[in-house]
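Secondary and tertiary structure notes
The residues making up each chain are set out below.
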Amino acid sequence: MKLSRNIDVKANMIWNIADTLRDVYKRHQYGSVILPFVVIKRFDSVLQDTKEKVYETYKQVKDFEDHKTLLKRASGHGFYNCSRYSLNLILSDADNVESNFNDYVNGFSEEVQDILSNFDIHKLIEKLASNNLLYNVLQEVDKVDLHPDKISNIEMGYIFEETIRRFSEAQNEEAGEHYTPREVIELMVNILFNNEDLSMTNEATTKTIYDPACGTGGMLTEAEKHLRKQNSSYNLISYGQEINSETYAICKADILIKGKGEDADFIKHGNTLSNDRFKNYSFDYIISNPPFGKD
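Described in the following lines is the structure provided in the data block. In every chain, residue numbers begin from 1 and rise along the written sequence. Totals for whole chains, interfaces and linings use all residues, but because this is a predicted model, local features are given only for residues with pLDDT of at least 70 and pairs of side-chain atoms are given and counted only at 80 or more. With hydrogens and water set aside, each side-chain value is computed from the structure's full complement of heavy atoms.

Side note on the overall build of the chain
When helices and strands are tallied, the chain shows 13 helices and 4 strands. Taking all 295 residues of the chain together, 49% fall into the buried category. Contacts between residues were defined by any pair of non-hydrogen atoms, one from each residue, lying within 4.5 Å. By sequence separation, contacts in the chain at least 24 residues apart represent 78% of the contacts at least 6 residues apart. Exposure was quantified through the Shrake-Rupley algorithm and a 1.4 Å probe, taking into account, for residues, occlusion by the shown protein chains and nothing else. On the chain, roughly 14900 Å² of surface is accessible, and the fraction owed to carbon and sulfur atoms is 44%. Counted as positive: Lys and Arg. Counted as negative: Asp and Glu. His and the chain ends are not counted at all. By convention, charge coordinates are those of NZ in Lys, CZ in Arg, CG in Asp, or CD in Glu. Separation between the mean location of the 34 positive side-chain charges and that of the 47 negative ones in the chain comes to 2 Å. For the purposes of this entry, the term helix denotes a DSSP run of H or I that reaches at least four residues, the term strand denotes a run of E that reaches at least two, and both are numbered from the N terminus. Burial classes: relative accessible area under 20% of the type maximum marks a residue as buried, over 50% as exposed, and values in between as partly exposed (1.4 Å probe, protein chains only).

This is the structure in structure tokens:
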């Protein structure tokens, strides 16, 4: 896949953060450490413009029964962070970086807490802090501008995938286990919708699509993009299941950040073969690249 300069620059900056981890983490662990911080940085960037409004609202409504709904309304998204800290503010107080960052992480709403728990974020924080690396990692991550004004949701998905591909290849893994090239996904999506006339109706139409091995959600995103391009009245609801906890977390984060708070609940974690989380469901479309060649 030929990357745009914007995506390539951001992926290079993220890749270079690995230099801060040498001598403490092994090479094959770099991705597991850096990816959750990139996810947090994206959340921080998305919430940046309404940060003060959310914190002020939180102080007023924290004891209300419906405070979660009010905080989401204040944030303008399907998630929020009610901590007074941001990454920038945390970095301004180097002596208290661990306690302040923990306060910040704990301030995320439950939708984000589920995502971060799949990264074992608190264990990462503890280990980085005990090795005097937490401040350095946060400092390097904060240099990567992931504000939605600069990086679209589609571009952010590409950045996640490119970062995973690089870390997978660096540890001599088959990158295909974690990453399907966009050209392949585009071909699959075109084949999937080849016999459908998507331009005939102007009525709002809702369809469902399922990927039983969804990874970071690239196929679901590309399918939605294709349908909306053909007919903007189509609403495609994505369902997916993923066994790898990190790629599951990224997929759910990506959908949540796109403003689809409810749809993020349709991304499930677990083994599709032994623990089908969508048993007895039916879907309009199914698309997948299963991990062939694995037991």
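Some words on the environment of leucine 133
For leucine 133, the position within the fold is in the loop between α8 (121-130) and α9 (134-142). What makes leucine 133 buried here is its relative accessible area of 9%. For the pair leucine 133 and lysine 279, spaced 146 residues apart in sequence, the C-alpha to C-alpha distance is 44 Å. Beyond its immediate chain neighbours, meaning those up to four positions away, leucine 133 contacts Thr20, Val24 and Leu128.

Structural notes on the pairing of strand β1 (residues 205-211)
Within β1, 5 of the 7 residues are buried, leaving the element largely enclosed by the surrounding structure. Bridge count for β1 against strand β2 (residues 234-242) is 7 bridges, and the pairing is parallel. By the bridge assignment for β2, tyrosine 210 is matched with tyrosine 239. Looking down the strands as they point away from you, a crossover is right-handed if its path from the first strand over the helix to the second goes clockwise. Taking the sense of rotation as the criterion, the β-α-β connection linking β1, helix α12 (residues 218-230) and β2 turns out right-handed. In this description, strands pair whenever DSSP reports at least two bridges between them. The sheet contact formed by β1 and strand β4 (residues 285-286) spans 2 bridges and is parallel. When the bridges of β4 are listed, tyrosine 210 appears paired with isoleucine 286.

Here we look at the sheet that holds β4
One open sheet accounts for 4 strands, arranged β3-β2-β1-β4; its pairing is parallel. Sheet topology places β3 (267-269) and β4 at the edges, where each strand pairs with a single neighbour. Interaxial angle, 0 to 180 degrees, is taken between N-to-C directions of lines fitted to C-alpha atoms, where a helix line uses only the stretch in contact. Together, β1, β2 and β3 form the strand contacts of α12, whose direction differs from that of β2 by roughly 170 degrees. Packing of helix α13 (residues 245-257) onto the sheet brings it into contact with β2 and β3, and relative to β3 it is tilted by some 160 degrees.

Focus on the packing of helix α2 (residues 30-47) against α13
α13 packs onto α2 with a crossing angle of 10 degrees between their chain directions and a minimal axis gap of 11 Å. As the angle between them shows, α2 and α13 are arranged roughly parallel. In contact with Ser32, Leu35, Val39, Arg42, Phe43 and Val46 of α2, α13 contributes Glu246, Ile250, Ala253, Leu256 and Ile257. Angle categories: roughly parallel below 35 degrees, roughly antiparallel above 145, roughly perpendicular from 65 to 115, and oblique for all the rest.

Overview of the side chain of serine 83
In this structure, serine 83 sits in the loop between α4 (67-75) and α5 (87-91). Judged by relative accessible area, serine 83 falls into the buried class, the value being 5%. Pairs of N or O atoms are called polar contacts if they sit within 3.5 Å, as long as, within protein, a hydrogen donor faces a hydrogen acceptor (for residues adjacent in sequence, only side-chain-to-side-chain pairs). A polar side-chain atom of serine 83 sits 3.0 Å from the main-chain amide nitrogen of tyrosine 85. With near-sequence residues (within four places) excluded, serine 83 lies in contact with Lys51, Tyr55, Asp103, Tyr104 and Gly107.

Structural notes on the pairing of β2
In terms of burial, β2 is a largely internal element, 8 of the 9 residues being buried. Two strands pair when backbone bridges link them, and β2 and β3 are joined in this way by 3 bridges, in the parallel orientation. Following the sheet pairing, glutamate 242 is matched in β3 by histidine 269.

So, the nonpolar core
Residue types Ala, Val, Leu, Ile, Met, Phe, Trp, Tyr and Cys, when buried and joined through side-chain atoms within 4.5 Å, form a set referred to as a nonpolar core. In terms of nonpolar packing, the biggest core is built from 74 residues, with Phe37, Phe43, Phe101, Tyr104, Leu128, Leu134 and Leu138 touching the most fellow members. When residues in this core are grouped by element, the largest group, 11 residues, is from α2. Those residues in contact with phenylalanine 37 that lie beyond four places of it in its chain are Phe101, Ile121, Leu128, Leu134, Val137, Leu138 and Val141. Counting residues in hydrophobic clusters, the runner-up holds 6 residues, among them Val61, Leu71, Ala74 and Cys82.

So, unusual backbone geometry
Positioned with a positive phi, aspartate 120 is a non-glycine residue whose angle comes to about 50 degrees. Locating aspartate 120 in the fold gives a position in the loop between α7 (110-117) and α8. One non-glycine residue, asparagine 132, lies in positive phi territory at about 55 degrees. Mapped onto the secondary structure, asparagine 132 falls in the loop between α8 and α9. Classification of asparagine 132 as exposed rests on a relative accessible area of 66%.

Notes on the side chain of glutamate 242
Mapped onto the secondary structure, glutamate 242 falls in strand β2. A distance of 3.1 Å separates the side chain of glutamate 242 from the backbone nitrogen of asparagine 244, its partner in a polar contact. Look past the residues within four positions of glutamate 242 in its chain and what remains in contact with it is Ala213, Cys214, Gly215, Thr247, Tyr248, Lys268, His269 and Gly270.

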